[in-house]
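Inside the fold
Here is how the chains run, residue by residue.
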Amino acid sequence: MARIKGGLNAKKKHNRVLKMAKGYRGARSKQYRIAKQSVMRALTSSYAGRKERKRQFRQLWIARINAAARINGLSYSKLMHGLKLANVDLNRKVLSDMAINDAEGFAKLAELAKSKIA
């Protein structure tokens, strides 16, 4: 029986990595060994970046809510506490959007929060 060489599978694996390394400079996109290291690092960074993006958006929403709350005479923490006491279940993304696009609605929520605190 003839011997089967494993070159086809190795070639497929190499091509997959090199395809992912397209656009990298120099040997990083041409040589398999170096491309593999670059791609592994890039995939690790992209995973971490997806987690970090969530943190950054939450931080942005909180900053926007805080700015709008202070216009209405409250701090961010007091607004959130008042909304919790009033059983208003709006997440920070929606509150941030309201603060930008619906100032009157946000002002009503702020008044509701004020009334529940005091």
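Look above for the structure.
This report concerns the structure included in the present document. Just so it is clear, the structure is predicted and the values come from calculations on it, not from any experiment. Residue positions are counted from 1 within each chain, in the order its sequence is given. Where local features are concerned, this predicted model is filtered to residues with pLDDT of at least 70; where side-chain atom pairs are given and counted, the filter is 80 or more; whole-chain, interface and lining totals use all residues. Neither water nor hydrogens contribute to the side-chain values; these are computed over all heavy atoms in the structure.

1. Description of the overall build of the protein chain
What counts, and what does not: We count a stretch as a helix when DSSP gives it H or I for four or more residues in a row; a strand needs E for two or more, and each element gets its number in order from the N terminus. This radius of gyration counts C-alpha atoms alone. The globule rule is 2.2 Å times how many residues there are, raised to the power 0.38. Working definition: with a 1.4 Å probe on protein chains only, accessible area under 20% of the residue-type maximum means buried, over 50% means exposed, and in between means partly exposed. We call two residues contacting when some pair of their heavy atoms lies within 4.5 Å. Accessible surface is estimated by sampling points in the Shrake-Rupley manner with a 1.4 Å probe; for residues, cover comes only from the protein chains shown. When charges are counted, Lys and Arg contribute as positive and Asp and Glu as negative, whereas His and the chain ends are disregarded. Charged side chains are reduced to one point each, which is NZ for Lys, CZ for Arg, CG for Asp and CD for Glu.
For the protein chain, the count of helices and strands is five helices and zero strands. N-terminal to C-terminal, the α/β element order of the protein chain is α-α-α-α-α. For the protein chain, the C-alpha radius of gyration of 26 Å lies well beyond 13 Å, the compact-globule estimate for 118 residues. Buried positions account for 25% of the 118 residues belonging to the protein chain. Across the protein chain, the fraction of contacts at a sequence separation of at least 24, relative to all contacts at a separation of at least 6, is 45%. Surface accessibility of the protein chain: about 9,300 Å² in total, with carbon and sulfur atoms responsible for 54%. Charged side chains of the protein chain number 29 positive and 6 negative; the gap between the two group centres comes to 27 Å.

2. Description of the side chain of Ser29
Note on placement: Ser29 falls in the loop between α1 (7–20) and α2 (32–71). Excluding residues that lie within four positions of it along the chain, Ser29 makes contacts with Leu18, Ala21 and Tyr24.

3. Some thoughts on the nonpolar core
Note the cut-off: Residues grouped as a nonpolar core are buried Ala, Val, Leu, Ile, Met, Phe, Trp, Tyr and Cys residues, joined through side-chain atoms within 4.5 Å.
Within the largest apolar cluster, 17 residues are counted, with the highest numbers of intra-cluster contacts made by Ile65, Leu74, Leu79, Leu83, Leu95, Phe106 and Leu109. Breaking this core down by element, the ones donating at least two residues are α2, α3 (76–85), α4 (92–101) and α5 (103–117). Leave out the neighbours within four places in its chain, and Leu95 touches Ile65, Met80, Leu83, Leu90, Phe106 and Leu109. Listed in part, the five residues of the second largest apolar core include Val17, Tyr32, Ala35 and Val39.

4. Overview of the packing of α2 against α4
When two helices pack together, their arrangement is captured by the angle between the axes and the distance separating the axes. Counted only if it meets this: What counts as an axis is a line fitted to C-alpha atoms, over the stretch in contact for a helix, and the angles between N-to-C directions run from 0 to 180 degrees. Roughly parallel refers to an angle under 35 degrees, roughly antiparallel to one over 145, roughly perpendicular to one between 65 and 115, and oblique to any angle outside these ranges. A clockwise turn of the near helix away from the far one marks a right-handed crossing, whereas an anticlockwise turn of less than a right angle marks a left-handed crossing. Three categories are distinguished: nonpolar for Ala, Val, Leu, Ile, Met, Phe, Trp, Tyr, Cys and Pro, charged for Asp, Glu, Lys and Arg, and polar for the others, with Gly belonging to the last.
Across the interface, α2 lies against α4 with an axial gap of 8 Å and an inter-helix angle of 45°. With respect to each other, α2 and α4 are oriented oblique. Judged by the twist between their axes, the crossing of α2 over α4 is left-handed. When α2 is examined against α4, the residues Arg58, Trp61, Ile62, Arg64, Ile65 and Ala68 are found in contact with a partner set consisting of Arg92, Lys93, Leu95, Ser96, Ala99 and Ile100. In the contact of α2 with α4, the residues fall into seven nonpolar, one polar and four charged.

5. Re the packing of aromatic side chains
Operational definition: What counts as a ring pair is set by centres within 6.5 Å for rings of Phe, Tyr and Trp (its six-membered ring), and what kind of pair is set by the plane angle: stacked under 30 degrees, edge-to-face over 60, tilted for all other angles.
In total, this model carries one aromatic pair according to the counting rule given. For the pair Phe57 and Trp61, a centre-to-centre distance of 5.9 Å together with 40° between the ring planes defines the contact as tilted. Pair noted here: Phe57 and Trp61 are both in helix α2, with a separation of four residues, about one helical turn. A residue is classified by how much of its surface remains accessible, and Phe57, at 40% relative accessible area, is partly exposed.

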